[in-house]
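# Summary of the model geometry
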Amino acid sequence: MHEPKPLLEIDRLSVDFPAPDGLFSAVRDVSITIAPSEALAIIGESGSGKSVTANAVMGLLDAPPARVHGDVRFEGRSLFSMPDRQRRDLWGRRIAMVFQDPLTHLNPVYPVGWQVTEVCRIHGMARTEADRRAMELLDRVGIPDVRRRMGDFPHEFSGGQRQRVMIAMAMALSPDLLIADEPTTALDVTVQAQILDLLRDLRTESGMALMMITHDLGVAADIAERVVVMRRGEIVEEGALDRVFAAPVHPYTRQLLTDRSEEYRSARPGVAPAVLELDRVGVHYGTFEAVRDVTVTLRKGEILGIVGESGSGKSSLASAILKLRRPSSGNIRFHGRDIYALGREEETGFHRGVQAIFQDPFSSLNPRMTVLKVISEPWLLHRDVLPRDRWRGRAAELLDMVGLTESDLDKYPAEFSGGQRQRIAIARALALEPEVIVCDEAVSALDMTVQAQVITLLADLRTRLGLSYVFIAHDLTLIRKFADHVLVMKAGDVVEQGVAEEVFSRPSALYTRQLIASSPVPDPRRQAERRTARRRTLVHASTAP
Amino acid sequence: MRNSSLLALLRSDRVAFVAAIWLMLVVGIALVGPEVVGKAATGLDLRARNAPPFDFSRGWVHWLGSDALGRGILARIFLAARTTLGIAVASVLLSMVIGGTLGIIAGLSRGSLGKVIMRGTDVIMSFPSLLMALIVLYVLGGAPANLVVVLAITRLPVYVRTARAEVLEIRERAFINAARVMGAGQVHLALRHIAPLVLPTLFIIGSLDFAYVMLAESALSFLGMGVQPPSITWGLMVAEGRSYLNSAWWLSFWPGLFIMLTALSANLLASWFRIAGDPTLRAAQGNTGHA
């Protein structure tokens, strides 16, 4: 375990940014070492300083506003004090980086092949040799039909393929250290699994070290040998993967690893009256069929989980339920009445009974309205619910219910964090005392601990107020913990549906099995077993994303 | 409480503060100036023909020099302030309100109404605005009210297109869907959610247009189609002084300076307001003390 000479040493690194009230320290006194060909994962939530640390290593911080202290040494030589020329030579040749969003990090106006070639040429490779090497690399990362696709532009590739191209560029000069900043966060789970496999294979072939930055414990469990857990700019725990996951020392790590599934679920078999019924619902955009023939029933107090990858039609289905997009076939019934053929009175009743919480906490609240205005908007639209002089009091009660305080009523959304905004959105959804809340990826944009808090809140409200949820997510683990009834969608079709526990323990559709196998679990040993099992089954299945 | 904090915010931004003071001064002049100078602005005094500025032996109305008929420039500027600002403010407000409303409607409408509005603005845009103004004013005569309407119409497309573009973006945000789910109709969406977000942008354009309209008005007046003597505007003063540029530069310079400073102040204050009026930006900016 003890390497005599570490590859990269981050030595008491601190990074401060000037903020309105003094200095904001993004990273405080962080020391990390990486041995040659070691795989290290830095785990942390947003604001933990994990990306700032990586950017400091790669010299991507703007020096004047950011104040950097401490040192970063590569093979014993300080990156901060070496001449620019030498440092530029290290970046790219010895240390390479892969980013989260491959679309913004690839230049849209150049062909993909040209961009890979460019990396080789910057570091002094001859043109023909660079071309040959680019082709070899793209082939290695699994781009099919490379010779033809070299001339294609980034937008002509899928998200997973673009990430493969980024990896090819990073691998161009066989670096000794690859820094990957959330490389799979924007990808679907099945694609994520393939990218992780690719990274692992490349590492075994070339013997490079990997510094993986992630918020996903499952990803860390899948790929790392050692983990560093960061929180608010400091390292809270560090150690071998198995040790940290099996016996976390720091309370924060323990909190991250707690499995809350038992708290969430309050199993209710389907005996309660049906609230919402979907009957052979289809949604078309022009000739494109986004949703085909969905039939499902939501009962009182039940949580219906809809799971699927991007493009599966789950959000289109939500729009149809919310009357935002008229379905092209089938019908949706709320308490037995078709929601697209309601009288005036019933229409009002529907808008009171069904509310929504959306994915992006930053766009779901009007930035120009105070929290009080946001929460009382439903009462403005439905004037008979509550007299105006009681708005403030009731809004304060609702805020209290979602864990905020009355003093927050006069603030604007910009003054809150993502998790807090989502709580405000929940308070707004509760204002009309609805029966059904449609949560369209309502917690996907939130950090793990915040996500857990919001889920706990939703589960608690369900028990207290008898709410039903349509809970849409791409995160399988979440649906598994939270939903009573599950609908698995793929490219507009329902491939499987049933009681959550049964679907997850005995999946019948091949796609469900693939999804379950691809979704990483935060347990190194089980993840390793699952990986081998998955790779065995995938040998005959098609692998291209 | 909110007004006093806005004022404190304004004082902390020195440039915007000076701009605000200048605008208040100009508005004050427009309100009471003509009465203050009274006869001095119209009475002839041929001994003071083209008298140079900074000669403090005559009355204060002559401090900035005198024009070809011996009237004090300062007095003329005071007199012209009311017509100039009146025409500019009225036509900017008119085109902002009408254009903004049409733009929001065009943005929200998915049917033919939006198309009709957009094609209408295309027609206005494709017609040379000065030519249209000339024709309309020739037919209707150069009364200030006609001038206001003509200037407003020629500037309409900018507001319509900007408002529509903003609406198209805002329409896709989640809070609009959230309001729809609560049962909000188009009118509620337009007034509660969309207009407050579109308005700051329109204000910025309006303040830029303010300068443009003042200049367009002077161009029309110069061509004899706008305001007619004995009425006077700053633009007309610049135009009248043009023939004396070689011998008496102050005839055009002072009114020109007033146009420039007023337009500049409007722009500066507008860009300050964009930040101060936006709770999102204000939260980020508030403590640093400058914009």
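Residues numbered from 1 in each chain as written. Chains lettered and ligands numbered in written order. Predicted model: local features only at pLDDT ≥ 70, side-chain atom pairs only at ≥ 80, totals over all residues.

## Topic: the overall build of chain A
Quick reminder of the rule: Only DSSP runs of H or I covering at least 4 residues are called helices, and only runs of E covering at least 2 are called strands; the numbering of each starts at the N terminus. Three exposure classes are used, based on other C-beta atoms lying within 10 Å of a residue's own C-beta, which is placed from the backbone: buried for 20 or more, exposed for 12 or fewer, and partly exposed in between. Once C-beta atoms have been placed from the backbone, residue pairs whose C-beta atoms lie within 7 Å are recorded as contacts.
Each helix and strand in chain A was counted, giving 22 helices and 20 strands. Dimensions of chain A, computed from C-alpha atoms along their principal axes, come out at roughly 75 × 55 × 45 Å. Considering chain A as a whole, with its 545 residues, one finds that 45% of them fall into the buried category. Taking the contacts inside chain A whose residues are at least 6 apart along the sequence as the reference set, 69% of them involve residues at least 24 apart.

## A closer look at the sheet that holds strand β14 (residues 329–334) of chain A
Residues and elements named next belong to chain A. The following threshold applies: Two strands pair under a simple rule: DSSP has to find at least two bridges between them. The angle between two axes is taken between their N-to-C directions and runs from 0 to 180 degrees, where each axis is a line fitted to C-alpha atoms and a helix contributes only its stretch in contact.
With antiparallel pairing, four strands are arranged side by side in an open sheet as β12-β11-β14-β15. On the outer flanks of this sheet lie β12 (288–299) and β15 (337–338), each paired with one strand and no other. Relative to β14, strand β11 (residues 274–285) is paired through five bridges, and the arrangement is antiparallel. Along β14, the bridge assignment pairs glycine 282 with serine 329. In the packing of helix α13 (residues 314–321) onto the sheet, the strands contacted are β11, β12 and β14, and the crossing angle to β11 comes to about 120°.

## With respect to the interface of chain A and chain B
Let me state the cut-off plainly: Ten residues, namely Ala, Val, Leu, Ile, Met, Phe, Trp, Tyr, Cys and Pro, are considered nonpolar, four, namely Asp, Glu, Lys and Arg, are considered charged, and the remaining ones, Gly among them, are considered polar.
Counting residues at the interface gives 23 residues for chain A, matched by 20 residues for chain B. Sorting the residues of the side of chain A that touches chain B by element identifies α14 (344–353), β16 (354–357) and α15 (371–381) of chain A as the ones contributing at least two each. When residues of the side of chain A that touches chain B are assigned to their parent elements, the largest contribution, three residues, is made by α15 of chain A. When the residues that make up the side of chain A that touches chain B are grouped by side-chain class, the tally is eleven nonpolar, seven polar and five charged.

## A closer look at the UniProt feature "domain: ABC transporter" (unreviewed entry) in chain A
Going by this rule: UniProt positions are given in the numbering used here, feature names are shortened, and annotations may be inferred rather than shown by experiment.
UniProt records the feature "domain: ABC transporter" (unreviewed entry) for residues 8–257 and 276–516 of chain A in the present numbering. Helix makes up 38% of residues 276–516 of chain A and strand 27%, and the two end C-alpha atoms of the span are 28 Å apart.

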